[in-house]
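As a plain string of letters, each chain reads:
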Amino acid sequence: MDDLKYIITVLTVSFIIYGLILVFTPAGNMGKFFKSIVGVSLIAVVILTVSRQGIELNPKKAAEAERIEFDASAVETITAQYSERSVEEYIGELLRQNGCEYKNLEVYTNISSDGGISIDRVEISCDSQQSDTVKRLVNSLSLHCVITETDNDGL
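Treat the numbers as computed from the prediction; the structure is a model and nothing was measured.

Caption draft 1: The arrangement of the pattern of salt bridges in detail. Applying the stated criterion to the full structure yields two salt bridges. In this structure, Arg 96 engages Glu 93 in a salt bridge whose closest nitrogen and oxygen atoms are separated by 3.4 Å. Of this pair, Arg 96 and Glu 93 both sit in helix H3 (residues 59–97), separated by three residues, roughly a single helical turn. Looking at Arg 96, the relative accessible area reads 47%, which means it is partly exposed.

Caption draft 2: Here's a closer look at a nonpolar patch on the surface. Side chains of Val 13, Ile 17, Ile 21 and Phe 34 sit close together on the surface and give an oily, nonpolar patch of about 300 Å² of accessible area. Per element, the largest residue contribution to the nonpolar patch is three residues, and it comes from helix H1 (residues 2–23). When you line up the elements, Ile 17 lands in helix H1. Classification of Ile 17 by relative accessible area gives partly exposed; the value is 44%.

Caption draft 3: View of the packing of aromatic side chains. On inspection of all chains with the given rule, the structure shows zero aromatic pairs. One Lys or Arg, Arg 121, reaches over the ring of Tyr 108 and ends 4.0 Å from the middle of that ring.

Caption draft 4: Summary view of the confidence of the model for the protein chain. With 75% of its residues at a pLDDT of at least 70, the protein chain reaches an overall mean of 75. Ranking the elements of the protein chain by mean pLDDT puts H3 last, at 66, and strand E3 (residues 145–150) first, at 85.

Caption draft 5: View of the pairing of strand E2 (residues 117–127). Bridge count for strand E1 (residues 102–111) against E2 is nine bridges, and the pairing is antiparallel. Bridging across to E2, Leu 105 finds its partner in Ile 124. When E2 meets E3, the two strands line up parallel, connected through six bridges. Within E3, the position partnered with Glu 123 by the bridge is Val 146.

Caption draft 6: Just the nonpolar core, in detail. Core analysis: the largest hydrophobic core is formed by 15 residues, its most contacted members being Ile 91, Leu 95, Val 122, Ile 124, Val 134 and Val 138. Sorting the residues of this core by element identifies H3, E1, E2 and helix H4 (131–139) as the ones contributing at least two each. Sequence-distant contacts of Val 138, that is, excluding residues within four places in its chain, are made with Ile 91, Val 122, Ile 124, Leu 143 and Cys 145.

Criteria and thresholds
Residues numbered from 1 in each chain as written. Predicted model: local features only at pLDDT ≥ 70, side-chain atom pairs only at ≥ 80, totals over all residues. Heavy atoms only, no water. Salt bridge = Lys/Arg side-chain N within 4 Å of Asp/Glu carboxyl O. Helix = DSSP H or I, 4+ residues; strand = E, 2+ residues; numbered from the N terminus. Buried < 20%, exposed > 50% of the residue type's maximum accessible area, 1.4 Å probe, protein only. Patch = residues over 30% accessible without salt bridge, like charges linked within 9 Å, V, L, I, M, F, W, Y side chains within 5 Å. Areas by Shrake-Rupley, 256 points an atom, 1.4 Å probe, with all protein chains shown as cover. Phe/Tyr/Trp six-rings, centres within 6.5 Å; stacked < 30°, edge-to-face > 60°. Lys NZ or Arg CZ within 6 Å of the ring centre and 35° of its normal. pLDDT = per-residue confidence, 0-100. Pairing = 2+ DSSP bridges. Core = buried A, V, L, I, M, F, W, Y, C linked by side-chain atoms within 4.5 Å. Contact = heavy atoms within 4.5 Å.

Right under this line is the structure:
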């Protein structure tokens, strides 16, 4: 925010000064030449001001940027964990609504290099009699499903 304030201040002061200079320029060919010089120097001030602000890196800002980058990776991990729990809750509710009992339900996610979160697979432990129904329900969500069949005693 301070950088933007600095750039706006420098540009405003420069425009005011150059405006006052242009008021007192001579007429004729000498005036055109003078206005060209003033215009080129105004462009140079704009370019130098903006480029200096972009190149300078305050050590305090570098540490802040590093901290933000660290926080971003932590947020990605938390987001992936939250999405796993949300999907687990949704699939668990879907199975319960359709009368399917399960022992264990796990969702595995993957964070891609561009930051997208995808669901790799869903692993469910359920009764062998219900495995086809469970698989159909989960596959209807277009998710890869791995079923581990258990006996009736395992539930």
